[in-house]
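Read off the chains here:
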Amino acid sequence: MSTAGWLQAAFLLMVLVAVHVPLGDYMARAFTSDRHWRIEKAIYRTVGIDPDGEQDWRRYLTATLAFTAMSIAALFFLFLWQDLLPWDHGHPGLGWMLALNTAVSFTTNTSWQNYAGETTMGHVSVMAGLGVQAFASAAVGLCVALALVRGLTRHSTKDLGNFWVDLVRSIVRILLPIAAVAGIVLLALGVEQNLHGTQLSPTLAGGAGTQKIVGGPVASWEPIKLMSGDGGGFFNASSAHPFENPNAWSNGIEILLMLLVPVAFIRTFGRLVGSLKQSWTLLTVVGILFVGLLLAASLAQGAHSGTVPTAVGGQTEGTEVRFGVPGSTMFGLSATGSADGAANSSYDSFSSLGGGTLMAAMMLGEIAPGGTGSGLYGLIMIVLVAVFIGGLMVGRTPEYLRKRIGVGEMRYVVSYALVAPTLILVASAIAVALPAGRAGMGNSGAHGLSEVVYAATSTTQSNGSSFGGLSGNTPFYNLGMCVTMLVGRYLPMVFVLALAGRLAGQKPGAVTTGTLRASGVNFVALATGAAVLLALLNFLPALSLGPLADGMR
Amino acid sequence: MQSQVLAGRAPRVGAGALRPGQLASAVPEALRKLDPRRQVRMPVMFVTEVGAALTTVLALWHGGWFGWLITVWLWLTVVFANLAEAVAESRGRAQADSLRRTRQQTNARKLIGWRLGAEVEAQQVAAEELRRGDHVVVEAGQLIPGDGDVVEGVASVDESAITGESAPVIRESGGDRSAVTGGTRVLSDRIVVEITSDPGRSFLDRMIALVEGAQRRKTPNELALNLLLVALTFVFLVAVVTLQPMAIFSKQANGATPVSGALTANGVTGVVLVGLLVCLIPTTIGALLSAIGIAGMDRMVQRNVLAMSGRAVEAAGDVHTLLLDKTGTITFGNRQASDFHPIGGAGEDELAEAALLASLADETPEGRSIVEFARRHYGFADLAESSSAELVPFSATTRMSGVDLTEPKVRQLRKGAARAIANWVRQAGGTVPRELEQVVDQVSETGSTPLAVAECVDGKARVLGVIQLKDVVKPGLAARFAELRTMGIKTVMITGDNPVTAKAIAAEAGVDEFMAEATPEQKLARIKAEQAEGKLVAMTGDGTNDAPALAQADVGVAMNTGTSAAKEAGNMVDLDSDPTKIIEIVEIGKQLLITRGALTAFSIANDVAKYFAILPAMFGVVYPGLKALNVMGLHSAQSAIMSAVVFNALIIVALIPLALRGVRYRPAGASALLTRNLWVYGLGGLIAPFIAIKALDLCLVRFLPGM
């Protein structure tokens, strides 16, 4: 990567670190405040919720899943019958399988798209369906993470907070205000916002040629699409399309938006557990993983082999010239690292090892920095595995933030850790073994395998980005992905909430010099090492037949 | 681990390093353990055994020397794991045998309807017939037939069978030295014992069961770790099984590539796939886990500590607060005269002589120390014997002792607590100088005990001065407590002394806190208060009034000399009755956990090198680029896979001594321990197998030319 590319990346990360402090502090206040805003009270009254009632983990989980089920059903029927609604601009209702896949995809914060946005979705589907779910699904992630944090900070109780209050506050106090401001900024930078359909206009060259200009409510969706870790594009080309991402400035802002809430939430975590040292420690772990991946991806993308890459100084295939190789690499890694499926270039066209790095960012468990809320709880789960081994190594029953990690706690931690690798590997194996799975591959051999493994990883980890070569709008992939997306999103949540319930019931232990400190160089090395090692051990065989085989020649 | 102060006696049964002979003699047991019904308890090794069985079938089916070699080494992996457990168990069994030898067939002389003071006819019964609540009489030379409390009489008892200590101990009715253990021998006198355990539930029975591991249940941390190992095994099983369809796809997509020993059109050969699986699942820690646990209990027994459960040993490693009795633990327990302070014009020699005479009746260690001090420093060698005197023993009501002399003149000498002496002087018409109070305070402030001395000659009483009795702190303890502090363990000294004395001794010994004038109730309350703060508390005790506190404490170490109630209440018994042993107990608990954690990290980190050996060997034919992953430069696909499998098996044997001994442990804070163990076992586990597998590859190629 060029010096300018590095400077750009460094600048963005510095801005991110600077902004995450006030935002994280604000979020902590928002979640702990005991005052309800007037609009929130109105919502609680309308829906019939007691905002001051506490829920134990089972009721919290029930609320989460009930909300999810309702969301999927609403989206499903919206897509099915979108042609009955205004501003459909002639787009027919979706087939039931695609509708189901898309409903599940956006509810699970995955936003895998087995369709091209501008030729499939009516504007109401976008605004009332996809846009609303971007807020809601991100908020659900924050809710579950909050419940886990309460499990760590509270003691001798069953109460984990109130799902509905957490949900409403996440949206009203955090996501909506940022989205509104960012939307106006992006609008000013040239992202379009209207309710038009496709218009024909003459080309610059004049003459008889015309081009199609697709209109739509893009700027209102764009910020939350990025912030939520959702990532579905209005256009098939997603953030590579000039109406979604017009220039280098908007590109930088979009990268920031993807990383903003997950990173700030680490700060919120520090505030909530009463130790900013904790948040700086976790941020360091995340930073090392992110920068390490960025370095790997940049080296792969900047490698000059072959005539064309040598001439232009990098792997330009599939990249937008407006952003160049560095801008695409940074965007790609931010998207895959933050469970955000957005793309400003074709990941399928990345160099094999560069694409493999994007895959690895997801295989880490979406923790660097991961999805909205889900990034933090994923990170804490990895930290608990690390703390368990580290705790034994200092000769004590393992503890984290004064909570003991015993048999009961480990049961949920390891269950959590098993879900994603099992699902990804089994789904990939089935897809590779069955003709229906092979039929979707856009390439043969190792690259074809990469496409399948990428899809399985992306849907399981609620990422949603894709190696575009795979044709997913088939019964096999539409329905198979529903399974990976649903199980990959909610089964881990079950374990997180169950763990939170157990932790909340504990009495806090005492901290002495004999207690493993959850900070400092050793702890960072332990946590980072555990994250890398577990991902490596789980996925190295599959990676070796996919991107590694593809890239090492 | 050993310090000068606490250096124990030679262990009762051979301990420490592993002798090669032990390994060899454990082989038959290791083979017996191949029974799948026994393997099922250890999921990691069960998967390995199933894998070995599978490759056996495959080798029988297809033949081929490579398949057979892998099969043999997979079986060896299971055998080595069994060997680790068998060796650990055999060491426990040796101890159990030596204990069992002491459990001889004994007859008991049962007293039916015994009451204190009543003469009852003894009846001969077999020891096994004794029940809780029966009374037996035991006389010199006889074995005590069962566990119990002495309810009448006093006797010296040889407890060497249990404790290994040859010096006899005194057991007497009432008080805190009333407990006797079945199988020990009465050396003198006659005692009546009330039996406190039913047959088969005696102390000896429990002890044998413990060291044999018959009652061994997995401890909480072991269960949690086991969960992690099962999860890792599962995920590797998934990784290996799902690899097959991907391998078949890759082979088909590159049809032109040749078939290799590892990869055919039907995918990776079964033998190689199983080999990969066994290399990946955490066999190293899985194989050694139970041996580590057994060896931890064993180390306790070697230090003459009986832990009633592995859970208690683990809890010892977690302790935050140690409650230590001052007497016997921190100080030698007997205060010794260190100075004479004359008062009111009395000369130092005069005081010394009076102190000496007044102490002749005092058979307590303090009294003897006064006599000795006076003789040594003031030269009254023959004085005591030549005097005609009437001794006045100490009584709780007068709180004084002394002597009444008639020659050369009528003279009464008294020594005792300052207030008691002052009262005595005033009653005899004397005056008490204010100086006494000052000197007493001065002495008390240094942590010593003041004893006032007074005389009454011809009806005139006066105070002569003050004897300073110093509580001698055991040497080396301050350093030991400093170590505990770095380990994050707070020491609290419990004493019945007044706060001033307690403070001075606490400062000298270097404990963190002290509880003065403590009653058993306060002790219990203190434990509960610490626990309410989330702390784990350990304590030692021997008296019946310690029992509630011992039961409340997370780790309660009862002294073997203590009462049955204390032993029942605690979760450990120290056969040496050495209260400082608790420090070692904590260290053993920590070492046990550290060994598990370190070997787990080592085992997981090992997998990276195995991947680098096996993946290029499997897929290098299809994708020649992957041969770049062969960073070790292994000779061939076969030799690479073989080396990884052999390494995986041999590392178990190599680590058996470490598992039995425990990893090196020096008292330190968590940060220092993590630094050391993370880099030694984590990073070491990453690097070591690269070197070892390369070395094995070189050997294999050299000695097996077909590789």
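Residues numbered from 1 in each chain as written. Chains lettered and ligands numbered in written order. Predicted model: local features only at pLDDT ≥ 70, side-chain atom pairs only at ≥ 80, totals over all residues. Heavy atoms only, no water.

Examining the overall build of chain B
Thinking step 1. A count of helical and extended segments in chain B gives 25 helices and 24 strands.
Thinking step 2. At 34 Å, chain B has a C-alpha radius of gyration far larger than the 27 Å of a compact globule built from 707 residues.
Thinking step 3. With the principal axes as the frame, chain B shows a C-alpha extent of 125 × 60 × 45 Å.
Thinking step 4. Put simply, chain B has 707 residues, and 57% of those count as buried.
Thinking step 5. Surface summary for chain B: the accessible area is close to 28000 Å², and the carbon and sulfur share equals 56%.
Thinking step 6. Here chain B carries 68 positive and 71 negative side-chain charges, and the mean point of each set is 10 Å from the other. (Helix = DSSP H or I, 4+ residues; strand = E, 2+ residues; numbered from the N terminus. Rg over C-alpha atoms; globule rule 2.2 N^0.38 Å. Buried < 20%, exposed > 50% of the residue type's maximum accessible area, 1.4 Å probe, protein only. Areas by Shrake-Rupley, 256 points an atom, 1.4 Å probe, with all protein chains shown as cover. Lys, Arg positive; Asp, Glu negative; His and termini not counted. Charge placed at Lys NZ, Arg CZ, Asp CG, Glu CD.)

Some thoughts on unusual backbone geometry
Thinking step 1. The omega angle of the peptide bond from Ala368(A) to Pro369(A) is -5°, so this bond is cis rather than trans.
Thinking step 2. Locating Pro369(A) in the fold gives a position in the loop between helix H13 (352-363) and helix H14 (374-393).
Thinking step 3. In the Ramachandran plot, Glu366(A) falls in the positive-phi region, its phi being about 55° despite a non-glycine side chain.
Thinking step 4. With relative accessibility at 2%, the residue Glu366(A) sits in the buried group.
Thinking step 5. Within the chain, Asn304(B) stands out as a residue other than glycine whose phi angle is a positive 60°.

A short note on the packing of aromatic side chains
Residues and elements named next belong to chain A.
Thinking step 1. The full count for this structure, using the stated rule, is 18 aromatic pairs over all chains.
Thinking step 2. A centroid spacing of 6.2 Å and a plane angle of 80° characterise the contact between Phe67 and Trp164, whose relative ring orientation is edge-to-face. With Phe67 in helix H3 (residues 57-80) and Trp164 in helix H7 (residues 163-189), this pair connects stretches of sequence that are 97 residues apart.
Thinking step 3. The exposure class assigned to Trp164 is partly exposed, which follows from its relative accessible area of 22%.
Thinking step 4. Ring centres 5.0 Å apart and planes at 80° place the aromatic pair Phe163 and Trp164 in the edge-to-face group.
Thinking step 5. Owing to a relative accessible area of 0%, Phe163 belongs among the buried residues under this scheme.
Thinking step 6. Pairwise contacts between aromatic rings join Tyr60, Phe67, Phe163 and Trp164 into one cluster. (Phe/Tyr/Trp six-rings, centres within 6.5 Å; stacked < 30°, edge-to-face > 60°.)

Overview of the UniProt feature "binding site: Mg(2+)" (unreviewed entry) in chain B
All names here are of chain B.
Thinking step 1. When the UniProt feature table is mapped to this numbering, "binding site: Mg(2+)" (unreviewed entry) covers Asp542 and Asp546.
Thinking step 2. Position of Asp542 relative to the elements: it lies in the loop between strand E22 (537-541) and helix H21 (547-552).
Thinking step 3. A polar side-chain atom of Asp546 sits 3.2 Å from a polar atom in the side chain of Lys523. (UniProt positions renumbered as here; feature names shortened; annotations may be inferred. Polar contact = N/O pair within 3.5 Å; in protein donor to acceptor, adjacent residues only side chain to side chain.)

Description of the interface of chain A and chain B
Thinking step 1. Listed by partner, the interface residues are 60 residues for chain A and 66 residues for chain B.
Thinking step 2. Overall, the association of chain A and chain B removes approximately 5200 Å² of surface from exposure, summing both partners, and the carbon and sulfur fraction of that is 75%.
Thinking step 3. Considering only the side of chain A, the residues that lose the most area to chain B are Met393(A), Leu537(A) and Leu545(A), jointly responsible for 14% of the buried surface there.
Thinking step 4. Counting the contacts that link chain A with chain B gives 1 salt bridge.
Thinking step 5. The closest approach of N and O atoms between Asp318(B) and Arg404(A), which form a salt bridge, is 3.5 Å.
Thinking step 6. Of all the secondary-structure elements, those providing two or more residues to the side of chain A that touches chain B are H14, helix H15 (407-433), helix H17 (445-460) and helix H19 (520-551) of chain A.
Thinking step 7. The greatest single-element share of the side of chain A that touches chain B, amounting to 16 residues, is contributed by H19(A).
Thinking step 8. Here the side of chain A that touches chain B is built from residues that sort into 37 nonpolar, 15 polar and 8 charged. (Contact = heavy atoms within 4.5 Å. Buried area = accessible area lost by both parts, 1.4 Å probe. Salt bridge = Lys/Arg side-chain N within 4 Å of Asp/Glu carboxyl O. Nonpolar A, V, L, I, M, F, W, Y, C, P; charged D, E, K, R; others polar.)

Re the sheet that holds strand E12 (residues 305-307) of chain B
Working definition: the strands of a sheet are paired by backbone hydrogen bonds and lie parallel or antiparallel to each other.
Residue and element names in this part refer to chain B.
Thinking step 1. The mixed open sheet is built from 7 strands, whose spatial order is E12-E24-E23-E22-E13-E20-E21. Only two strands of the sheet have a single partner each, and these edge strands are E12 and strand E21 (513-515). Adjacent strand axes in the sheet meet at a mean angle of 20°, parallel and antiparallel pairs treated alike.
Thinking step 2. Relative to strand E24 (residues 572-574), E12 is paired through 3 bridges, and the arrangement is antiparallel. The residue bridging Val305 from the neighbouring strand is Asp574, located in E24. (Pairing = 2+ DSSP bridges. Axes fitted to C-alpha atoms, helices over the stretch in contact; angles between N-to-C directions.)

Section: the nonpolar core
Thinking step 1. By size, the foremost hydrophobic cluster in this structure holds 312 residues, and its most contacted members are Tyr400(A), Leu322(B), Met572(B) and Phe619(B).
Thinking step 2. The element contributing the most residues to this core is helix H23 (residues 581-619) of chain B, with 22 residues.
Thinking step 3. Listed in part, the 24 residues of the second largest apolar core include Ala354(B), Leu357(B), Val403(B) and Leu413(B). (Core = buried A, V, L, I, M, F, W, Y, C linked by side-chain atoms within 4.5 Å.)

Considerations on helix H24 (residues 637-661) of chain B
Residue and element names in this part refer to chain B.
Thinking step 1. Under the 1.5 Å per step criterion, the end-to-end length of H24 is 37 Å for 25 residues, consistent within 8% with the ideal 36 Å.
Thinking step 2. The sharpest bend along H24 comes to roughly 40°, located at Leu655, with the proline Pro657 sitting one to four residues further on.
Thinking step 3. In terms of residue burial, H24 counts as a mostly covered element, since 18 of its 25 residues are buried.
Thinking step 4. One or two steps after H24, the chain reaches Gly662, where phi turns positive at roughly 85°. (Expected span 1.5 Å × (residues − 1). Bend = angle between axes of the 7 residues up to and from the residue.)

Regarding the packing of helix H9 (residues 248-273) of chain A against helix H10 (residues 276-302) of chain A
Residue and element names in this part refer to chain A.
Thinking step 1. Contact geometry of H9 with H10 gives a least axis separation of 6 Å together with a crossing angle of 150°. Relative to H10, the element H9 lies roughly antiparallel. As for how H9 packs across H10, the hand of that crossing is right-handed. Of the residues in H10, those touching H9 at Leu259, Val263, Ile266, Arg267, Phe269, Gly270, Arg271 and Val273 are Leu276, Gln278, Ser279, Trp280, Leu282, Leu283, Val286 and Phe290.
Thinking step 2. Taken together, the residues of the contact of H9 with H10 break down into 11 nonpolar, 3 polar and 2 charged. (Parallel < 35°, antiparallel > 145°, perpendicular 65-115°, else oblique. Left-handed = near helix turned anticlockwise from the far one by under 90°.)

A closer look at the sheet that holds strand E15 (residues 389-392) of chain B
All names here are of chain B.
Thinking step 1. Strand order in the open sheet made by the 6 strands is E14-E19-E18-E17-E16-E15, with antiparallel pairing throughout. Edge positions in the sheet fall to strand E14 (336-342) and E15, since each of these pairs with one other strand and no more. Strand-to-strand twist of the sheet, defined as the mean angle between neighbouring strand axes without regard to direction, takes the value 20°.
Thinking step 2. As paired strands, strand E16 (residues 400-405) and strand E17 (residues 411-416) are joined by 6 bridges and run antiparallel to one another.

Some details on the environment of Ser309(B)
Thinking step 1. Tracing the backbone through its elements, the reader meets Ser309(B) in the loop between E12 and helix H11 (310-318).
Thinking step 2. Residues Ser309(B) and Lys218(B), 91 residues apart in the sequence, show an inter-C-alpha distance of 9.6 Å.

Comments concerning the environment of Gly153(B)
Residue and element names in this part refer to chain B.
Thinking step 1. Tracing the chain through its elements places Gly153 in the loop between strand E4 (148-152) and strand E5 (154-158).
Thinking step 2. Assessed through its relative accessible area of 30%, Gly153 is described here as partly exposed.
Thinking step 3. In the structure, Gly153 is positioned 21 residues away from Gly174 in sequence and 9.3 Å away in space, judged by C-alpha atoms.
Thinking step 4. The residues contacting Gly153, other than those within four sequence positions of it, are Arg171, Glu172, Ser173, Arg190 and Ile191.

A look at a positive patch on the surface
Thinking step 1. There is a patch of like positive charges on the surface, built from Arg35(A), Arg38(A), Lys41(A) and Arg45(A).
Thinking step 2. Note that Arg45(A) resides in helix H2 (residues 38-47). (Patch = residues over 30% accessible without salt bridge, like charges linked within 9 Å, V, L, I, M, F, W, Y side chains within 5 Å.)

Points about the pattern of salt bridges
All names here are of chain B.
Thinking step 1. Tallying each qualifying case throughout the model produces 43 salt bridges over all chains.
Thinking step 2. Between Arg37 and Asp35 there is a salt bridge; the shortest N-O distance is 2.9 Å.
Thinking step 3. A relative accessible area of 70% means that Arg37 is categorised as exposed.
Thinking step 4. The partner of Arg462 in a salt bridge is Glu350, with the nearest N and O atoms 2.2 Å apart. Of this pair, Arg462 sits in strand E19 (residues 460-470) while Glu350 sits in helix H13 (residues 348-359), and the two are 112 residues apart along the sequence.
Thinking step 5. Residue Arg462 is classed as partly exposed on the basis of its relative accessible area of 29%.
Thinking step 6. Ionic contacts of the salt-bridge type, sharing partners, join the residues Lys490, Glu513, Arg526, Glu530, Glu533 and Lys535 into one network.

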